[in-house]
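Observations on the three-dimensional arrangement
For reference, the chains in residue letters:
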Amino acid sequence: MATSKVVSRGTGGRSRALDVDHYVSMRIRQRRIMLGLTQQQMAELIGVTYQQAHKYETGINRISAGRLFQIAQALGVDISYFFEDVEPDKNAKPKDKELMPQQRMLLELARNFSSISSRKHQDALCNLARVLAGTEREEA
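Described in the following lines is the structure provided in the data block. Everything numeric in this text was worked out from a predicted model, so none of it was measured.

In this section: helix H1 (residues 19-35). When the terminal C-alpha atoms of H1 are compared, their 25 Å separation across 17 residues agrees well with the 24 Å that a helix rising 1.5 Å per residue should span. When you tally the buried positions in H1, you get 14 out of 17 residues, the bulk of the element. Looking one or two residues past H1, Gly-36 carries a phi angle of roughly 75°, positive in sign.

Following this line, the structure appears as structure tokens:
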């Protein structure tokens, strides 16, 4: 079994979280945002305080297997969802971990898109995105 590189989290005797732990925390946050849940709502779903849910999402506290199972059920995903895109051949270091602002916008866009009831408006938005993406490629 491959071990992950240890990430320094400051000084002191506290245990240090692994890269994959931070990646799992990020995936929890992404899924919660995609579902439109607040941290408070998430905390209530899994039976912890808001502060504890916040610590899970920021990677301050590591998540036990049992708690991760609860979180997966609350968010409607399999546990494997939290480990997608982790590269086992590179010491379990996640890919492109630092895209949080752009990922957040993408998740919000997906959530809002699915709320559009008109198929015609969804098609128009897709076409707009395609045209804008093509414009940016030409400018680059």
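What follows picks up the thread again.
Let us now look at the nonpolar core. Formed by 16 residues in total, the largest nonpolar core has its most connected members in Ile-28, Ile-71, Leu-75 and Phe-82. For this core, the leading source of residues is helix H4 (residues 65-75), giving 4 residues.

With that out of the way, let us pick up the pattern of salt bridges. Applying the stated rule across the entire model yields 5 salt bridges. With a shortest N-O distance of 3.2 Å, Glu-57 and Arg-29 are connected by a salt bridge. Separated by 28 residues along the polypeptide, Glu-57 in helix H3 (residues 50-58) and Arg-29 in helix H1 bring together distant segments of the chain. A salt bridge links Arg-32 to Glu-57; the nearest nitrogen and oxygen atoms lie 2.4 Å apart.

The rules behind these values
- Residues numbered from 1 in each chain as written.
- Predicted model: local features only at pLDDT ≥ 70, side-chain atom pairs only at ≥ 80, totals over all residues.
- Heavy atoms only, no water.
- Helix = DSSP H or I, 4+ residues; strand = E, 2+ residues; numbered from the N terminus.
- Expected span 1.5 Å × (residues − 1).
- Buried < 20%, exposed > 50% of the residue type's maximum accessible area, 1.4 Å probe, protein only.
- Core = buried A, V, L, I, M, F, W, Y, C linked by side-chain atoms within 4.5 Å.
- Salt bridge = Lys/Arg side-chain N within 4 Å of Asp/Glu carboxyl O.

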